Amino acid sequence: MMPAEARQPVPRIREQTRGATGGIMRIDVHHIRAFLAVADVLQFRVAAERLHITQPALSRIIKALEEAVGASLFARTTRSVQLTNAGRVFAEHCHLALAHLDQAVTLARGAEAGNIGHLRIAYMDFAINGALPSIIEEFSKKFPLISIDLVHMPSTMQKEAILNSTIDIGFMIGPFSAQNVEGMSFGREKMVVLLPVGHPLTKKTALRLSELAHEPFVLGTHRSWEAFRNHFFAMCHRSGFSPAIAQEASTSDGIFGLVAANTGISIYPECVRNIHRSGLVIRPLGDRNTSLEMIACWRSDGQNPSTEAFVGELSLLITGRERGRPRRQEQPENELHSSHRDAQAQ
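This one's a predicted model, so the numbers in the text were calculated from it and none came from an experiment. Here the residue numbering is sequential within each chain, running from 1 through the sequence in written order. Where totals are concerned, whole chains, interfaces and linings use all residues; where local detail is concerned, this predicted model gives features only for residues with pLDDT of at least 70, and gives and counts side-chain atom pairs only at 80 or more. The side-chain numbers reported here are obtained from all heavy atoms of the structure, hydrogens and water having been left aside.

Counting 60 residues, the largest nonpolar core has F126, F171, L212, F228, I267 and F310 as the members making the most contacts within it. Residues in contact with L212, not counting those within four places in the same chain, are V193, L201, L207, F217, F241, I265, I267 and L285. Only buried residues count toward a nonpolar core, which is a set of Ala, Val, Leu, Ile, Met, Phe, Trp, Tyr and Cys residues joined through side-chain atoms within 4.5 Å. Exposed residues in this analysis have more than 50% of their type's maximum accessible area, buried residues have under 20%, and partly exposed residues fall in between, with area computed by a 1.4 Å probe over protein chains only. Judged by nonpolar contacts, the second largest core, of 22 residues, contains F44, A48, L73 and A91. Throughout, a contact is declared for two residues whenever any of their heavy atoms are within 4.5 Å.

Each helix is a run of H or I in the DSSP string that is no shorter than four residues. Each strand is a run of E no shorter than two, and both are numbered from the N terminus. In this structure, R299 sits in strand 12 (residues 292–299). Whenever a nitrogen or oxygen atom comes within 3.5 Å of another N or O atom, the pair is scored as a polar contact, on the condition that within protein one atom can donate a hydrogen and the other can accept it, and that pairs from neighbouring residues in sequence are kept only if both atoms are in side chains. At a separation of 2.9 Å, a polar atom in the side chain of R299 contacts the side chain of D301. Residues within four places of R299 in sequence aside, it is in contact with I162, L163, S165, D168, N180 and V181.

Another point: helix 3 (residues 29–41). Take the residue count of a helix, subtract one, and multiply by 1.5 Å to get its expected span. Its 13 residues place the ends of helix 3 19 Å apart at the C-alpha level, agreeing with the 18 Å of an ideal helix rising 1.5 Å per residue. L42 occupies a position one or two residues after helix 3 and carries a positive phi of about 55°.

Within the open sheet, the five strands sit side by side as 4-3-5-12-6. Their pairing is mixed. Two strands bound the open sheet, and with one partner strand each, they are strand 4 (146–152) and strand 6 (181–189). Shown here is a sheet whose adjacent strand axes are inclined to one another by a mean of 20°, direction ignored. Strand direction decides the pairing type here: strand 5 (residues 169–173) and strand 12, joined by five bridges, are antiparallel. Bridging across to strand 12, G170 finds its partner in C297. Fitted lines through C-alpha atoms give the axes, limited to the stretch in contact for helices. The angle between two N-to-C directions lies from 0 to 180 degrees. Packing of helix 8 (residues 132–142) onto the sheet brings it into contact with strand 3 (117–123), strand 4 and strand 5, and relative to strand 4 it is tilted by some 165°. Two strands form a pair only when DSSP identifies at least two bridges running between them.

Interaxial distance between helix 4 (residues 44–51) and helix 5 (residues 55–69) falls to 9 Å at its minimum, and their mutual angle equals 100°. Taken as axis vectors, helix 4 and helix 5 run roughly perpendicular relative to one another. Across from F44, R45, A47, A48 and L51 in helix 4, the residues of helix 5 making contact are Q55, L58, S59 and I62. In what follows, roughly perpendicular refers to angles from 65 to 115 degrees, roughly parallel to angles under 35, roughly antiparallel to angles over 145, and oblique to any angle outside these ranges.

The salt bridge criterion pairs a side-chain nitrogen of Lys or Arg with a carboxyl oxygen of Asp or Glu, the two atoms within 4 Å. Per the stated rule, a full pass over the model turns up 11 salt bridges. A salt bridge links E49 to R45; its shortest N-O distance comes to 3.3 Å. Here E49 pairs with R45, and both are found in helix 4, just four residues apart, close to one helical turn. The exposure class assigned to E49 is partly exposed, which follows from its relative accessible area of 49%. A relative accessible area of 47% means that R45 is categorised as partly exposed. Connected via shared salt-bridge partners are E137, E138 and K141.

This next bit is on the packing of aromatic side chains. Aromatic pairing here means that ring centres of Phe, Tyr or Trp (its six-membered ring) are within 6.5 Å. Orientation follows from the plane angle: under 30 degrees is stacked, over 60 is edge-to-face, and everything else is tilted. Taken as a whole and judged by the stated rule, the model has 15 aromatic pairs. Each residue in the set F126, W225, F228, F256 and Y268 is aromatic and connected to the rest through ring pairs, giving one cluster.

Taken together, the side chains of V29, L101 and V105 make up a nonpolar region of the molecular surface, amounting to roughly 190 Å² of accessible area. Its location among the elements puts V29 in helix 3. V29 gets classed as partly exposed once you look at its relative accessible area, which sits at 34%. Residues with no salt bridge and a relative accessible area higher than 30% make up the patches, which join like charges within 9 Å and nonpolar side chains (Val, Leu, Ile, Met, Phe, Trp, Tyr) within 5 Å. Every accessible area reported is derived by Shrake-Rupley at a probe size of 1.4 Å, with residue values counting cover from the shown protein chains alone.

Another aspect to go through is the packing of helix 3 against helix 4. Close contact between helix 3 and helix 4 brings their axes to 8 Å; oriented N to C, the two are set at 135°. In terms of orientation, helix 3 lies oblique with respect to helix 4. Of the two possible hands of crossing, helix 3 and helix 4 adopt the one that is right-handed. Where helix 3 abuts helix 4, its residues R33, A34, A37, V38 and V41 lie against F44, V46, A47, R50 and L51. Counted by class, the contact of helix 3 with helix 4 contains eight nonpolar, no polar and two charged residues. Two helices cross in a left-handed way if the nearer one is turned anticlockwise from the farther one by less than a right angle. They cross in a right-handed way if the turn is clockwise. Residues are grouped as follows: nonpolar covers Ala, Val, Leu, Ile, Met, Phe, Trp, Tyr, Cys and Pro; charged covers Asp, Glu, Lys and Arg; every other residue, Gly included, is treated as polar.

In structure tokens, the structure reads:
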């Protein structure tokens, strides 16, 4: 068994630890700011004036703080006040703690306002090949502290994801109407005809749907392109024919490749002009009422404040773009050249 004198330091250490831990719990920002005021000027009188309290009150605060910390923070004489080694270490970390606290307050206020946060945004091919990249870029410049996850998703799946709140915003083919769902149009895409190089119809500068009635078509699969297929078949039926589908592909890139391989022609939104792909010829479609409405949708009862920030900025961007947009002119270049760009299913 250990001698009694050898066991004596143990309870003293425990009491000291217990007191320090209990004291730390009593320290608040009021104590920290008072301590730093004295540490900055090393004069209790001047520090008290800056804090708008009396000098005796400040002395009591510092004494209570030293007791809570369990260390002397100042070396005092009748003529001077100096920080002790413990005081210098404590001051350094107090500055860091206040900086973190200020940052926490700023971030919390930003999160409450929707300026800081996270967004889950779904898109389909026509959006990512059209206006969406510039929309995301402009939003990110204004709200750099809102991170964005972009996920490719067909329009039909987006509608389910909006209803299930697994995404915050969806860029899809319209229309979409459901309870607690709001939306806005971010553009209408005119339709164009995609032809393989050397096809007889490439000799024409513009085409009408009725001229395509006997052509084999390349179309997106029902699973991934359901919304566009509905639009496409409706256009054809209004023109008096049912299209013959020769090939199907699950991606835009697959459609482009099959057309370039001369397995058929296709109809695609005019945003295809933003994609450079060899082996294709684009001709405008002259029929009226064939344009495709692109919409952005979100839940009106959503709990993500960043959604409101995005919708507000989207509205401003769309309004500004519509006011300043010049009239689009037909592309003089008939063929799409250059490198292959990855494009996924609509």
